[in-house]
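# A structural walkthrough
Listed here are the chains, written in short residue letters.
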Amino acid sequence: QVQLVESGGGLVQAGGSLRLSCAASGSFFSINAMGWYRQAPGKQRELVAVITSGSSSNYVDSVKGRFTISRDNAKNTVYLQMNSLKPEDTAVYYCNVDIVITRWDRISRYWGQGTQVTVSS
């Protein structure tokens, strides 16, 4: 059983910073890509940032230069450092991890429970 536990959301003023964490626990063979999505009220869920097992990263244009995704493979954890936050960053943020349970399995995608980020103007 794989579990993803997110932490780090909250309320912050515009221009402030937050750091999200997502830790994977349970029994599995390997973790591939890890990422963060967000969903604002009335909008579709969008990919914010992704980091591969080789630590290559990509970002949605709206967060480039402000957000940084990183991972600690020893802790099975992915982070999202969010700086210079804007009110339009307000959303529920979900982590997303691609996991191989056993060496004979295909990649399965797991989601965190979501954490609210609210940026006030």
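First, a word on scope: everything that follows refers to the structure included in this document. (Residues numbered from 1 in each chain as written. Predicted model: local features only at pLDDT ≥ 70, side-chain atom pairs only at ≥ 80, totals over all residues. Heavy atoms only, no water.)

The next point concerns the packing of aromatic side chains. Following the criterion strictly, the structure yields 1 aromatic pair and no others. Between the aromatic rings of Tyr37 and Trp111, the centroid separation amounts to 4.9 Å while the plane-to-plane angle is 65 degrees, which identifies the pairing as edge-to-face. One end of the pair, Tyr37, is in strand E4 (residues 30-39); the other, Trp111, is in strand E10 (residues 107-111), and 74 residues separate them in sequence. Just above the ring of Trp111 sits the side chain of Arg45; from NZ or CZ to the centre is 4.8 Å. (Phe/Tyr/Trp six-rings, centres within 6.5 Å; stacked < 30°, edge-to-face > 60°. Helix = DSSP H or I, 4+ residues; strand = E, 2+ residues; numbered from the N terminus. Lys NZ or Arg CZ within 6 Å of the ring centre and 35° of its normal.)

On to the state of the cysteines, then. Applying the stated criterion to the full structure yields 1 disulfide. Linked covalently through their sulfurs, Cys22 and Cys95 form a disulfide whose S-S length is 2.0 Å. Where Cys22 bonds to Cys95 through sulfur, the torsion about that S-S bond is close to 45 degrees, and the disulfide is right-handed. Of this pair, Cys22 sits in strand E3 (residues 18-25) while Cys95 sits in strand E9 (residues 91-100); the two residues are 73 residues apart in sequence, bridging distant segments of the chain. You can call Cys95 buried: its relative accessible area is 0%. (Disulfide = S-S within 2.5 Å. Buried < 20%, exposed > 50% of the residue type's maximum accessible area, 1.4 Å probe, protein only.)

An order of E1-E3-E8-E7 is seen for the 4 strands of this open sheet, with the pairing classed as antiparallel. Only two strands of the sheet have a single partner each, and these edge strands are strand E1 (3-7) and strand E7 (67-72). Across the sheet, the mean angle from the axis of one strand to that of its neighbour is 15 degrees, orientation sign disregarded. The pairing of E3 with strand E8 (residues 77-82) spans 6 bridges and is classified as antiparallel. Bridge pairing in E8 links Arg19 to Gln81. (Pairing = 2+ DSSP bridges. Axes fitted to C-alpha atoms, helices over the stretch in contact; angles between N-to-C directions.)

So, on to unusual backbone geometry. At Asn76, a residue that is not glycine, the phi angle is positive and equals roughly 50 degrees. Here Asn76 shows up in the loop between E7 and E8. Not every positive phi belongs to a glycine, and Ser84 is a case in point at roughly 50 degrees. Looking at where Ser84 falls in the secondary structure, it is placed in the loop between E8 and E9.

Turning next to the pairing of strand E11 (residues 115-120). Here E11 shows one buried face, formed by Thr115, Val117 and Val119, and one open face, formed by Gln116, Thr118 and Ser120. Alignment of strand E2 (residues 10-13) against E11, held across 4 bridges, turns out to be parallel. Bridge assignment links Leu11 to a residue of E11, and that residue is Thr118. Pairing of E9 with E11 involves 3 bridges; the strand directions are antiparallel. Across the sheet, Val92 pairs through a bridge with Gln116, a residue of E11.

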